[in-house]
Amino acid sequence: MSQSNEVRTQATERLFLAVVNQAISDVLENGKQAKEAERWLLSKDFDALDRLFAFAAKPVESPFQRGNRQNA
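In this text the structure is predicted, and so the values were computed from the model without any measurement. (Residues numbered from 1 in each chain as written. Predicted model: local features only at pLDDT ≥ 70, side-chain atom pairs only at ≥ 80, totals over all residues. Heavy atoms only, no water.)

### Topic: the overall build of the protein
The number of helices and strands found in the protein is four helices and zero strands. If you list the helices and strands of the protein from N to C, you get α-α-α-α. Looking at the protein as a whole, 15% of its 72 residues qualify as buried. Here the protein has roughly 6200 Å² of accessible surface; of this, 57% comes from carbon and sulfur atoms. (Helix = DSSP H or I, 4+ residues; strand = E, 2+ residues; numbered from the N terminus. Buried < 20%, exposed > 50% of the residue type's maximum accessible area, 1.4 Å probe, protein only. Areas by Shrake-Rupley, 256 points an atom, 1.4 Å probe, with all protein chains shown as cover.)

### Notes on the packing of aromatic side chains
Where two aromatic rings form a pair, the distance of their centres and the angle of their planes describe that pair. A complete count under the given rule lists three aromatic pairs for this structure. Here the aromatic residues Phe16, Trp40, Phe46 and Phe53 are joined through ring pairs into a cluster of three or more. (Phe/Tyr/Trp six-rings, centres within 6.5 Å; stacked < 30°, edge-to-face > 60°.)

### Description of the confidence of the model for the protein
Low pLDDT means the predicted coordinates in that region are not meant to be read closely. With 74% of its residues at a pLDDT of 70 or more, the protein has an overall mean of 80. Confidence scores differ between elements of the protein, with helix α4 (residues 63-71) showing the lowest mean pLDDT of 61 and helix α2 (residues 34-41) the highest of 91. (pLDDT = per-residue confidence, 0-100.)

### Some words on helix α1 (residues 3-28)
Because each turn of an α-helix spans 3.6 residues, side chains separated by three or four positions end up pointing in the same direction. Helix length check: α1 (26 residues) gives 37 Å between terminal C-alpha atoms against 38 Å at 1.5 Å per residue, within 8%. Turning to α1, its buried residues number three or more, namely Gln10, Glu13, Phe16, Val20, Ala23 and Asp26. Two residues or fewer past α1, Asn30 is found with a positive phi of approximately 50°. (Expected span 1.5 Å × (residues − 1).)

### A look at the packing of α1 against α2
Between two packed helices, the angle of one axis relative to the other and the distance separating the axes together describe the packing. At a closest axis distance of 8 Å, the pairing of α1 and α2 adopts a crossing angle of 125°. As summarised for this structure, α1 and α2 are arranged oblique, according to the angle between their axes. For the pair α1 and α2, the sense of crossing is left-handed. Seen from α1, the contacting residues are Phe16, Val19, Val20, Ala23, Ile24, Asp26 and Val27; seen from α2, they are Ala34, Ala37, Glu38, Trp40 and Leu41. Here the residues of the contact of α1 with α2 sort into 10 nonpolar, no polar and two charged. (Axes fitted to C-alpha atoms, helices over the stretch in contact; angles between N-to-C directions. Parallel < 35°, antiparallel > 145°, perpendicular 65-115°, else oblique. Left-handed = near helix turned anticlockwise from the far one by under 90°. Contact = heavy atoms within 4.5 Å. Nonpolar A, V, L, I, M, F, W, Y, C, P; charged D, E, K, R; others polar.)

### Section: the environment of Leu49
One can find Leu49 in helix α3 (residues 44-56). Residue Leu49 is classed as partly exposed on the basis of its relative accessible area of 31%. For Leu49 and Phe16, which are 33 residues apart along the polypeptide, the C-alpha to C-alpha distance reads 8.4 Å.

Now the structure itself:
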């Protein structure tokens, strides 16, 4: 996978995580969008996205780790 695709994948995963965190926060704080957030978190759409990102998630190796591994 090219570095550009890897960065895009990581950015997408982080965006999904940010959206999930905001939905959880809305529910916990009983914010304006709490009901919609709760519905989404319990939906099949969320389950499908969660499976997609859980499958795609892999440990990220930093440039420092890569350098250390190459120098070992």
